[in-house]
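Listed here are the chains, written in short residue letters.
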Amino acid sequence: MTHLLHRAIHAQLPVAVAGKGIELFDADGKAYIDASGGAAVSCLGHGHPDVIKALHEQLDKMAYAHTGFFTSEVAEKLADRLIEDAPAGLDHVYLVSGGSEAVEAALKMARQYFVEKGETQRRHVIARRQSYHGNTLGALATGGNEWRRSQFKPLLIETHHIDPCYAYRFQTEGESDEAYAARAAQQLEDKILELGGDQVIAFVAETVVGATIGAVPPIADYFKRIRAICDKYGVLLILDEVMCGMGRTGTLHACEQDGIAPDLMTIAKGLGGGYQPVGAVLLSGAIFEAFASGSGFFQHGHTYMGHPMAAAAGLAVQEILKRDGLLANVVEMGSHLEARLSERFGNHYHVGDIRGRGLFQGIELVHDRSTKTPFDPALKLNARVKKEAMARGLMVYPMGGTIDGKTGDHVLMAPPFIVNKQNIDTIVERLGDAVDASIASIR
Ligand code: PLP
C-alpha cells in the first residue's frame, strides 16, 4: 500500500536506496547500471563526493533566502560560471528549478521582449512535431508530442508546429543532406509567412531531439538555415538544451557543433546532475537590455528560483566537469558507444537506425528494417525493453510513439560522463540481450 501517486499506478517499482558511481542499488541490494542517467540527468553519476561536500558546505552556511529580498553568493557564482562558457551573445542567467520552468520562463521572456519593444502584435510560437519541452501547460503546448498533449488540448495555448529534422524518417531516397536541410528549414519560413512575418515571437527547438524520438541530431546546416530565417523575420530562436546540453553531446552546448547561438537557451538536467532540482534560461544581451531600459523587470518568478542549494549543486557539477576535463571523456566514450552499438545492432533485423552525439545515443526499433515498418504499438515493445533491461541490471530510456506520437519505438542512452570502455561494453551487451529477449517475447 502506498500513499504516493506514482507515474504508473499499477507498476511494482523497486525501492532505490543508494547510488555510487554509475550504479544505483535497490533495497534488495541489486545493482543497476544507470545508462540513461535517469532521464539524461546524472552526468557525474551518483554519490560524487565533491558535489556532496559542496552541498554540505552550502547547507551549513544558508539553505534559503528569497530572491525578492536577497541575492546569494552561490547563485551569482553559478551565473558567472555559466556565462563564461555561454554561446555568443548570451550574457544573463535566470535560475529556476527544472526544465519545464525554464521553458515557461523563456516563452514569457520572448513575449515580454516584444512588448518592451512595442511590437505587441507578436503572439505566435512555432515549434516542432515530435518534440518535448516539458509538462507544464505552456511547455506542453509548445511540445509536439501528441500523446502527451491530447487529453489536455482544451487547456493549451495556441502554438504551431513544423516537422522535426529527422533524417531517418523524413529525408527522401536520393535526397542530399544539403537539400534535406534546406527543405526541413524552409518549413519554418513557410509557417512564419502563413502567420505573418511580424506576428511570430519565437521558434523553439531541441538542438538534438531527446525523449520523443531518441537522440536525433540535426543534419549539417539545418540550424544555420533556421538561424538565418529567424533573423530575417526578427523571430527569437529558443534552443531547448534541457536534455542535450551541458556536455551531453561532447561540447558544453549542443549548438556549438551546429555553429550557431540562440537568443534564449534552456538548460536543466545535466546542469545539477540530479544533486538538486535546478534549471536555467540563458538570455541574450539584447533581451536583457530591452528589459533593463524598459520596464526594469521581468514579470515572472517562483518561490524557489535561485535557490542556494540548487545553485550550489549546479556550481559544483559544472566546476567538476571542467576541472576533470570530462568533455573529452564524453567525446571518447561517445565514439566507443557508437562503435559498440554499430557492432551489436548494425546488422540487426529489428534495429533501423543508430544515431546520436557524444554520450547521447539512440536506437530505433522496427518490425522490418527494409521498409522501416514499426512494431504494432499494442505490443508495447518499448515497455518490454525497459523491463528486460531492468531485470538485467540496466537502466535505459525506451519510449514509444517515435514516428507520430502513436507508433514507433526507440531506446535512448545517456550514461554518466565518468563511464569507461568496460562500462560501455557491459551496457551494450545487456542492452543487446534485453532487446532480443523483448522481441522474442512477442513472437
Ligand atoms: N525540455 C526537454 C528537452 C526535456 O527533455 C525535458 C524533460 O525531459 C524538459 C524540457 C522538461 O524538464 P523537467 O522534466 O525538468 O521539467
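Residues numbered from 1 in each chain as written. Predicted model: local features only at pLDDT ≥ 70, side-chain atom pairs only at ≥ 80, totals over all residues. Heavy atoms only, no water.

Details of the site of the ligand
- Gly98, Gly99, Ser100, Tyr132, His133, Gly134, Glu206, Asp240, Val242, Met243 and Lys269 make up every residue found near the ligand.
- Take Asp240: an N or O atom from its side chain is 2.7 Å from a nitrogen atom of the ligand.
- Lys269 is positioned with one of its side-chain polar atoms (N or O) 2.9 Å from an oxygen atom of the ligand.
- Protein chains shield 82% of the accessible area of the ligand, which is 390 Å² for the free molecule. (Near = heavy atom within 4 Å. Polar contact = N/O pair within 3.5 Å; in protein donor to acceptor, adjacent residues only side chain to side chain. Areas by Shrake-Rupley, 256 points an atom, 1.4 Å probe, with all protein chains shown as cover.)

Here we look at the sheet that holds strand S13 (residues 394–395)
- Read from one edge of the open sheet, four strands run S1-S2-S3-S13, paired in mixed fashion. Here the strands that pair on one side only, and so sit at the sheet edges, are strand S1 (16–20) and S13.
- The pairing of strand S2 (residues 23–26) with strand S3 (residues 31–34) spans three bridges and is classified as antiparallel. Within S3, the residue paired with Glu23 across the bridge is Ile33. (Pairing = 2+ DSSP bridges. Helix = DSSP H or I, 4+ residues; strand = E, 2+ residues; numbered from the N terminus.)

With respect to the packing of helix H13 (residues 381–391) against helix H14 (residues 421–440)
- One can describe the packing of H13 onto H14 by two numbers: an axis separation of 8 Å at closest approach and a directional angle of 130 degrees. One element, H13, and the other, H14, form an angle in the oblique class. The handedness of the crossing between H13 and H14 is right-handed. Of the residues in H14, those touching H13 at Leu381, Arg384, Val385, Glu388 and Ala389 are Leu431, Ala434, Val435, Ala437, Ser438 and Ile439. (Axes fitted to C-alpha atoms, helices over the stretch in contact; angles between N-to-C directions. Parallel < 35°, antiparallel > 145°, perpendicular 65-115°, else oblique. Left-handed = near helix turned anticlockwise from the far one by under 90°. Contact = heavy atoms within 4.5 Å.)

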